[in-house]
Amino acid sequence: MSVEFDKAIEEIQASIIRDARKIYSEKVIERWLNPKYFGEMENPHGRATITGPCGDTMTIFLEMIDDKIIDARFVTDGCMTTIVAGTMACELAIGRTIKDAYKISDEVILESLDGLPDESVHCALLASNTLKETLADYLSSKNEPWRRLYRKK
Ligand code: FES
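To keep things clear, this report deals only with the structure shown in the data block. Quick caveat: nothing in here was measured; it's all calculated off a predicted structure.

## A short note on the overall build of the protein chain
Counting its secondary structure elements, the protein chain contains six helices and three strands. The helix and strand sequence of the protein chain, counted from the amino end, reads α-α-β-β-β-α-α-α-α. Principal-axis analysis of the C-alpha atoms gives the protein chain an extent of 60 × 35 × 30 Å. Here the protein chain holds 153 residues, and the buried ones make up 44% of them. Of the roughly 8900 Å² of accessible surface on the protein chain, 52% is carried by carbon and sulfur atoms.

In structure tokens:
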């Protein structure tokens with residue numbers, strides 16, 4: 001590829017990010033550019049998938065020690081704000097006990113992101129509902145770990 005081509009791509013990317021900054025907070029932009037909890041987890045202690053009313057799906061995976069979340073990952077087929085909401089849900093969950101993680105509502109996610117545009121507010125709800133379902137999955141399989149073998153993918 002030519003240097004001119006690389007430069008043109010860089011300029012397009014910079015202009016996309018500039019436009020996004022007019023709409024989204026810096027916290028959203030940061031997580032969009034670096035969704036560090038995006039990805040699957042092998043043998044999680046908790047896992048759940050939810051499809052929201054818009055048709056987007058999110059799966060969250062949790063690794064637990066003594067009822068405390070020590071790691072979290074998520075995947076989604078949703079848009080940029082769904083990825084950002086999933087990233088924030090994982091970020092807020094890591095280090096919390098189950099009881100505290102249940103408090104991560106859509107409002108908490110939105111507040112932690114300094115807000116989302118109205119049309120994207122439901123992405124935070126999808127992330128918070130998926131997290132709660134994942135905690136429920138952990139609790140239900142905690143005393144019967146064999147159940148994890150029969151989980152629906
Ligand atoms: Fe549907 Fe984000 S657009 S969850």
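## A word on helix α2 (residues 26-33)
Since the α-helix turns once every 3.6 residues, residues separated by three or four places project in the same direction. When we look at burial in α2, the residues that qualify are Val 28, Ile 29 and Arg 31. If you follow the buried residues of α2, they end up packed against α1 (3-23) and α3 (80-93).

## Let's talk about the pattern of salt bridges
One pass over the structure, following the stated rule, counts eight salt bridges. For Arg 21, the salt bridge goes to Glu 26, with nearest N and O atoms at 3.0 Å. Since its relative accessible area comes to 41%, Glu 26 is described here as partly exposed. In this structure, the salt-bridge partner of Glu 30 is Arg 31, at a minimum N-O distance of 3.6 Å. Its relative accessible area of 45% is what places Glu 30 among the partly exposed residues.

## Details of the packing of α2 against α3
Axis separation between α2 and α3 bottoms out at 9 Å; the angle between their running directions is 95°. What the angle tells us is that α2 and α3 run roughly perpendicular. The segment α2 lies against α3, with Val 28, Arg 31 and Trp 32 engaging Met 80, Val 84, Thr 87, Met 88 and Glu 91. Among the residues making up the contact of α2 with α3, the classes are represented as five nonpolar, one polar and two charged.

Reading the values: the criteria
- Residues numbered from 1 in each chain as written.
- Predicted model: local features only at pLDDT ≥ 70, side-chain atom pairs only at ≥ 80, totals over all residues.
- Heavy atoms only, no water.
- Helix = DSSP H or I, 4+ residues; strand = E, 2+ residues; numbered from the N terminus.
- Buried < 20%, exposed > 50% of the residue type's maximum accessible area, 1.4 Å probe, protein only.
- Areas by Shrake-Rupley, 256 points an atom, 1.4 Å probe, with all protein chains shown as cover.
- Contact = heavy atoms within 4.5 Å.
- Salt bridge = Lys/Arg side-chain N within 4 Å of Asp/Glu carboxyl O.
- Axes fitted to C-alpha atoms, helices over the stretch in contact; angles between N-to-C directions.
- Parallel < 35°, antiparallel > 145°, perpendicular 65-115°, else oblique.
- Nonpolar A, V, L, I, M, F, W, Y, C, P; charged D, E, K, R; others polar.

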